[in-house]
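Structural characterization, general
Letter by letter, the chains look like this.
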Amino acid sequence: MSAPADFQNEIYLKGLGDAVPELPTDLTGLEALAERRLSSAAFGYAAGAAGSEATARANRAAFDRWRIVPRMLRDVAERDLSVRVLGTDMPAPVALAPVGVQSIFHPDGELAAARAAAAAGLPYVLSTAASYSIEEVAEANGDGPRWYQLYWPKDRELAVSFLERAAAAGYSALVVTLDTVALAWRPRDLDQAYLPFLRGIGLANYFSDPVFQKAVGGPVTDANRETAILHWAANFSNPSLTWDDLAFLRDHWRGPIALKGIQHPDDARRAVDAGMDGVIVSNHGGRQVDGAVASLDALAPVVEAVGDRAEVLFDSGIRTGADVVKALALGAKAVLVGRPYVYGLALGGQAGVTHVLRCLQAELDLTMMLSGHTRPGDLGPDLLVRSDA
Ligand SMILES: Cc1cc2nc3c(=O)[nH]c(=O)nc-3n(C[C@H](O)[C@H](O)[C@H](O)COP(=O)(O)O)c2cc1C
Ligand SMILES: O=C(O)C(=O)c1ccccc1
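Residues numbered from 1 in each chain as written. Chains lettered and ligands numbered in written order. Predicted model: local features only at pLDDT ≥ 70, side-chain atom pairs only at ≥ 80, totals over all residues. Heavy atoms only, no water.

Let's talk about the UniProt feature "binding site: glyoxylate" (unreviewed entry) in the chain
Here is the rule we go by: UniProt positions are given in the numbering used here, feature names are shortened, and annotations may be inferred rather than shown by experiment. For every residue, the accessible area obtained with a 1.4 Å probe (protein chains only) is divided by the maximum for its type, and the residue is called buried under 20%, exposed over 50%, and partly exposed between those limits. Any pair of residues with heavy atoms lying within 4.5 Å of one another is described as a contacting pair. The secondary structure listing takes helices from DSSP runs of H or I that are at least 4 residues long and strands from runs of E that are at least 2 residues long, numbered from the N terminus. Polar contacts here mean pairs of N or O atoms no more than 3.5 Å apart (in protein, one a potential hydrogen donor and the other a potential acceptor; neighbouring residues in sequence count only if both atoms are side-chain atoms).
Within this structure's numbering, the places UniProt gives as "binding site: glyoxylate" (unreviewed entry) are Tyr45, Tyr151, Arg186, Lys260, His284 and Arg287. With a relative accessible area of 11%, Tyr151 lands in the buried category. Those residues in contact with Tyr151 that sit more than four places away from it in its chain are Ser127, Thr128, Ala129, Thr177, Thr180, Tyr206, Phe236 and His284. Here Arg186 is to be found in the loop between strand S7 (173–177) and helix H8 (187–191). Beyond its immediate stretch of four places on either side in the chain, Arg186 contacts Tyr45, Ala49, Ala50, His284, Arg287 and Gln288. Within the structure, the side chain of Arg186 is placed 3.1 Å from the backbone oxygen of Arg287, a separation counted as a polar contact.

Here's what the structure looks like:
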């Protein structure tokens, strides 16, 4: 089996035939390219964040304040990046974050991303607010690992229907996003009056659902489309939920459950007490609470609060292999990556997502090797120092 770092040699060898990669290998460069490719509204939706976007910037700045201290002469010839997280074996500690409405980035949307994830063997997390249905994405994902992300609607019967459909379609773990009881104040979207859902984009899971259809008087057609969209808007979230409601989810989902959007150690403890299997330290890529703590700064306190009672995953701001190393060193078992693969999707469909995943894995493998580590489990806080720069 070839190591992820072999992608580097593959690129150099192609150079002998005068070929260079079609997309940049520094994934931070994808955003500028995606801006040229996408409509201003679609780009703003992906790249934008809440309010002044201070938290989105803080997410990146937090990575810069940690520096890796490499170690030498430790036999790094063979590395094994594989981990088992939320009951899923994965070749590297990386999953594709749930991202809604992917058809605004590429017509194949979630299907293309789920195919690229399957080819890499990395978990694809399907958003409830997807452009293709639970079943369609499962088919595209094939034998690949997949998890389902729930936006918990007001209608309990609809929530149960989503969970039953996801289980039947082979999604093995449930990710419950808690930080989006409403969409935040997002100036880029507001200034363009852009909300794709109001055009019915990103509602495939609702429109295809028997419980939803019953509530809107039958299958969604031109005749009841507006009613259906309004019903979605009224039902999308339930801001009245409390910790007591988690028992309901436990009763309706057999596999592992992780809560996404956890930032406070006390919330992480409550998640464990409620029988959850994991928490995802995330601030939604800075898209929800402007002024919120950088997600990386919230990680270590959560890891400490949880101990080995549940698994801690991380997202918000991962752009490079070194970022993954830093998050793992601070205690994450795996990371989720959001915007970088969205830009890959916009720029090259399935192949663009594959490019992003291969670059990220190769850079992670090389960073581990060059800093003297062979397994994710070997990474700890002693690998990092704080830097003011
Ligand atoms: C365009 C876009 C749509 C998103 N949609 C969802 C969603 O439907 N469900 C969800 O839980 N998170 C959603 N997120 C948040 C991601 O799952 C993830 O937390 C975030 O993108 C991580 O930050 P990063 O983009 O800096 O990697 C979305 C993020 C973006 C950029
Ligand atoms: O845009 C988002 O960040 C998001 O999570 C979302 C919210 C509502 C529907 C779809 C996606």
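With respect to the site of ligand 1
As a reminder, the rule being used: When we say a residue is near a molecule or strand, we mean one of its heavy atoms is within 4 Å of it. The Shrake-Rupley method, run with a 1.4 Å probe sphere, supplies the accessible areas, and residue values consider only the shown protein chains as cover. Side-chain classes follow a simple rule in which Ala, Val, Leu, Ile, Met, Phe, Trp, Tyr, Cys and Pro form the nonpolar group, Asp, Glu, Lys and Arg form the charged group, and the remainder, Gly included, forms the polar group.
Near ligand 1 lie 21 residues; those nearest to it are Pro98, Ser127, Thr177, Asp315 and Arg319. Here Thr177 contributes a side-chain N or O atom positioned 2.7 Å from an oxygen atom of ligand 1. Within the backbone of Gly317, an N or O atom sits 2.9 Å from an oxygen atom of ligand 1. Contact with the protein chains removes 98% of the 600 Å² of surface that ligand 1 exposes when unbound. Class assignment for the residues of the shell around ligand 1 results in six nonpolar, 10 polar and five charged.

As for the site of ligand 2
Inspection of the region around ligand 2 gives Tyr45, Ala129, Tyr151, Leu183, Arg186, Phe197, Phe236, His284 and Arg287 as its neighbouring residues. The separation between an oxygen atom of ligand 2 and a polar side-chain atom of Tyr45 is 2.4 Å. The contact in question runs from an oxygen atom of ligand 2 to an N or O atom on the side chain of Arg186, over 2.8 Å. Split into classes, the residues belonging to the shell around ligand 2 amount to six nonpolar, one polar and two charged.

What about helix H3 (residues 40–47)?
Among the eight residues in H3, seven count as buried, and that is most of the element. Of the positions making up H3, those classed as buried are Ala41, Ala42, Phe43, Gly44, Tyr45, Ala46 and Ala47.

Notes on the pattern of salt bridges
Let me state the cut-off plainly: In the sections that follow, a salt bridge refers to a side-chain nitrogen of Lys or Arg positioned within 4 Å of a carboxyl oxygen of Asp or Glu.
Per the stated rule, a full pass over the model turns up 13 salt bridges. With its nearest N and O atoms 2.9 Å apart, the salt bridge here joins Glu10 to Arg358. With Glu10 in helix H1 (residues 6–16) and Arg358 in helix H16 (residues 339–370), this pair connects stretches of sequence that are 348 residues apart. Here Glu135 and Arg165 are joined by a salt bridge, their closest N and O atoms 2.9 Å apart. Of this pair, Glu135 sits in helix H6 (residues 134–141) while Arg165 sits in helix H7 (residues 156–168); the two residues are 30 residues apart in sequence, bridging distant segments of the chain. Classification of Glu135 by relative accessible area gives partly exposed; the value is 35%.

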